[in-house]
Each structure stands twice: as C-alpha cells, then as structure tokens.
Amino acid sequence: MKIAIIGGGIGGLTTALALQKNNLDVTVYESAPEIKPVGAGIIMANNAMQIFDKLSIRHKIEMAGHKISTINITDPQLKTISDVQLNTFESKYGVSNTAIHRADLQNILTEEIGFKNIELSKRLSKIEQENGYQLTFEDGTIANADAVIGADGIKSVVRHQILNIGKLRSSKQKCWRGVIESDWTEKYNHHAYEAWGKGRRFGFVKISDHKVYWYAVVNEHLVKNPNNLAELFAEFNPEIPRMISVTPQEKIFVSDIIDLEPIYQWQKDRVCLIGDAAHATTPNMGQGACQAVEDAYILGKLFGEGKNVDEVFTQYEKLRMKKAHYIVNTSSAIGKISHYENSLAVWLRNTLLKATPGSVNEKQMKKVFDISYQNNL
C-alpha cells in the first residue's frame, strides 16, 4: 500500500518515520524546494521526547539540543513569578524537555527517513478519488496513492478539498523569532524563560552550547513599527532588547499568531489530517509540533497492529481528539491571560501565579506529558 504524506514539516516527517518503522511504503511531498526551517528554535516537550525515544532517535535529538529542566515565568526584569520544575517528569518518563534548532531536528528526521522518500517542490493543487487517490501538483506532475495524510499546516489544502471545514482564528498578536550566538552564564543553563509584561512577553532558551533561541509576542495594536521591536521591550531587563538588537534583521521571522477553531472531523475514507491541518494551536504551551508527533506515533502504532486504513484513521481520530482540543483551548486562554494590559489585571494575575502551589503546576504538566492513552489501542 502506498501512502502519500502532504507536507514535510516536523509532523509529516515524524509520521513518515513512524510508518516506515511499520514497513509501510511512504512518500513525503513537500511544497518547498528544500526542507527549510521556519521559526528558528523549538522546544520538544517530554511527551514528544517519549515518542522520539520509541522511534529510536531521542539520543540524536538530545545530542543536537539542550536539556530544559525548569520553566520560569518572570516579570519584565526576569524576577520569577512562577516556575515549573521538570525533574519529576524526567525521572518518571526517563526523558527530558529538549530545546533544539528546527533545522537540526528536521535534518535528523530527514536522514532517518531517507532523502529518496521525500519529493520537494511539490505543492498540492488537487486531490481526486479514483482507484485510490490521484494527486496533482502545481508543477503539473501527478502521483497516485492508496491513502493520503494531510500534514500541510493550518491552511491545509487537503482539509479544504476533502472536508471543506476549518475556521482560522486570529489572536490579534504578532510573534518575532530569532537565534543568536551567545555565551550565557551558567545560571541560564537548562532553563526556559518567559517574561510577561503589559500586552507583550519575551521568551528565551539555550538550544546549544553557544546558541540562544528567543521569541517576542506583542498585542497587534501596540505595534507601530514592526522593525523596531527592541523599542517595545525597552523597559524590560537590558538583556532582552540587547538580544533583539544583535539579531540580524533578515534572520528574524515574523508571523501573526493564529489557530484553528476546533473541528470534529479529521478523516474521510482513506484521507486523514494530522498536526496543524487538524488542530492548529497557538504556541503558548509549546505543544504545536509535540501534538503532531503524538499524532504520528498513534498512526504508526495503529498501522502496526495490521488494521485496515479506515479503522486506523477512525481510531486515530477518536484517540487523539480530546487531548488535541484541550491543548488548543488551554493555549488560547494562556495567550489572553499573559497579554493583559490593565495594571490591576496584571497585578492580580502575577499575584495568583505566585500563590499557585507547585503541585498545581505539576498536575497541569502531567496532563500534557502523559501519553498513556495510547494504551487504549
């Protein structure tokens, strides 16, 4: 059976790997002329690292990235408001949250899959069902497949053509991302920081010994000049505007933060959606790619049990939907709370965060990191 995966992002590549591990014939069709990273850095959380461990690539990812054991929410001067210790989960699951450059992660996945199984410059224009599926690409070429997996992002062509559903939602926030070369002091090792101000926040984390990934999120109406980002963070700890200033302008990625209003159908016949095509989320929980990795593993496991395609896609949807929607909805709420502009609201938020027991934060993390639902297969 030939399976076509539309989209060569982290979700599509991990799905290809998971299916290959179960001896399936998979081809990835990627619209870009090269597997090109967007967004600079990424944190692969414990749930994704558990799956990478099962797919036998965890050590490669850990070697290329930087272990994160604490998540710090701070005020603009980097004074801690709340922190989440991840050591408990490291001990429980035997893996660590890992910050890594997207390019490094994608290279690891691409090498594992094999370049011969990836076709570049293949932007899908049409899917037709006839003795399987006929895929027509914008360059005029045609491919055939017995089943199709849409891993083609929030503006998925597969979703639009097969299900014709999906409403995009704007958070009314803009995001900038960059990577700098920097020799940080030891105190920043193994920590992820996110500084919350009024209507803006700034996060940073080491992704290797000498590289730091940073991101800035600002309420849209506060942005007068997108190229003058450092000014928006002038009142933050001096390290923050400095990080922005030393990043070459052409190496800063800018995007609007949008998500997909939860949809309740991810598959039809022998076509299914994964990752952002099915459940695009805002990045506030760092779970977008991680949820795509969970999708990939569940599909691989179901195929590995010898089920037919219809059963696989139906059971995958049933198993994954509840958690994916929880992530989308919770992430959206965090995006609103972290961007209050009213002084009283900010003070109340910070006071409540400081008063929240560590056990509550741990319980929240457990819900995200736990992948035991796969045992219901």
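See the structure shown above.
Note that the coordinates shown come from a computational prediction; the quantities given were computed from them, not determined experimentally.

Novice: I tried to follow the side chain of Asn72 on my own but got confused; where do I start?
Specialist: In this fold, Asn72 is placed in strand S5 (residues 70–74). At a separation of 2.8 Å, a polar atom in the side chain of Asn72 contacts the side chain of His191.

Novice: Please explain the packing of aromatic side chains as it appears in this structure.
Specialist: The geometry of an aromatic ring pair is captured by two quantities: the separation of the ring centres and the angle between the planes. Enumeration according to the criterion identifies 12 aromatic pairs in this entry. Taken together, the ring pairs connect Tyr188, Tyr193, Phe202, Phe204, Trp214, Phe233 and Phe236 into an aromatic cluster. The ring centre of Tyr326 lies 4.3 Å from the NZ or CZ of Lys367, which sits over that ring.

Novice: Mind showing me how you'd approach a nonpolar patch on the surface here?
Specialist: A grouping of Leu344, Trp347 and Leu348 is seen on the molecular surface, where their side chains present a nonpolar patch of about 350 Å² in accessible area. Assignment of secondary structure puts Leu344 in helix H12 (residues 343–355).

Novice: How do you make sense of helix H2 (residues 46–54) when you look at a structure like this?
Specialist: Residues separated by three or four positions in an α-helix point in the same direction, a consequence of the helix having 3.6 residues per turn. With 7 of 9 residues buried, H2 is to be regarded as a mostly interior element. Buried residues of H2: Asn46, Asn47, Ala48, Met49, Gln50, Ile51 and Phe52, and no others. Backbone geometry just downstream of H2 places Ser56 in the positive-phi region, at approximately 65°.

Novice: Can you help me understand the sheet that holds strand S6 (residues 80–85) in this one?
Specialist: Sheet strands associate in pairs through backbone hydrogen bonding, adopting either a parallel or an antiparallel arrangement. Strand order in the open sheet formed by 7 strands is S6-S5-S14-S15-S16-S13-S17, with mixed pairing between adjacent strands. Single-partner strands in this sheet number two, and they are S6 and strand S17 (253–260). Averaged over all pairs of adjacent strands, the angle between their axes in this sheet comes to 20°, without regard to strand direction. Contacts from helix H11 (residues 309–337) reach strand S13 (168–181), strand S15 (200–208) and S17, with the element oriented near 125° to S17. Of the strands in this sheet, S5, S6 and strand S14 (191–196) are in contact with H12, which crosses S6 at around 40°.

Novice: What's the story with the nonpolar core in this structure? I'm lost.
Specialist: Among soluble globular proteins, nonpolar side chains are generally buried collectively. By size, the foremost hydrophobic cluster in this structure holds 95 residues, and its most contacted members are Met44 and Phe52. Considering every element that reaches this core, the biggest residue donor is H11, with 9 residues. In this structure, Met44 is in contact with Met49, Phe52, Ser96, Asn97, Thr98, Ile100, Leu105, Ala289, Cys290 and Val293, ignoring residues within four places of it in sequence.

Novice: What am I meant to see in the pairing of S5 here?
Specialist: Regular strands show a simple pattern: their side chains alternate between the two faces of the sheet. Buried residues dominate S5, accounting for 4 of its 5 residues. The pairing of S5 with S6 spans 5 bridges and is antiparallel. Looking at S6, one finds that Ile71 is bridged to Val84. Taking the residues between adjacent antiparallel strands as the criterion, S5 and S6 are bridged by 5 residues, where Leu78 takes a positive phi near 65°. Where S5 and S14 come together, 5 bridges link them in parallel fashion. Bridging across to S14, Thr70 finds its partner in His191.

Novice: Looking at this structure, how should I read the pairing of S15?
Specialist: Taking burial as the measure, the 9 residues of S15 include 8 buried ones, the bulk of the element. Sheet topology note: the S14/S15 ladder contains 5 bridges and is antiparallel. Pairing of Glu194 across the sheet is with Gly203, part of S15. Hairpin remark: S15 followed by strand S16 (residues 211–219), antiparallel, with 2 residues in the connecting loop.

Cut-off values and rules
Residues numbered from 1 in each chain as written. Predicted model: local features only at pLDDT ≥ 70, side-chain atom pairs only at ≥ 80, totals over all residues. Heavy atoms only, no water. Helix = DSSP H or I, 4+ residues; strand = E, 2+ residues; numbered from the N terminus. Polar contact = N/O pair within 3.5 Å; in protein donor to acceptor, adjacent residues only side chain to side chain. Phe/Tyr/Trp six-rings, centres within 6.5 Å; stacked < 30°, edge-to-face > 60°. Lys NZ or Arg CZ within 6 Å of the ring centre and 35° of its normal. Patch = residues over 30% accessible without salt bridge, like charges linked within 9 Å, V, L, I, M, F, W, Y side chains within 5 Å. Areas by Shrake-Rupley, 256 points an atom, 1.4 Å probe, with all protein chains shown as cover. Salt bridge = Lys/Arg side-chain N within 4 Å of Asp/Glu carboxyl O. Buried < 20%, exposed > 50% of the residue type's maximum accessible area, 1.4 Å probe, protein only. Pairing = 2+ DSSP bridges. Axes fitted to C-alpha atoms, helices over the stretch in contact; angles between N-to-C directions. Contact = heavy atoms within 4.5 Å. Core = buried A, V, L, I, M, F, W, Y, C linked by side-chain atoms within 4.5 Å.

Function cannot be read off these values alone, since they describe shape.
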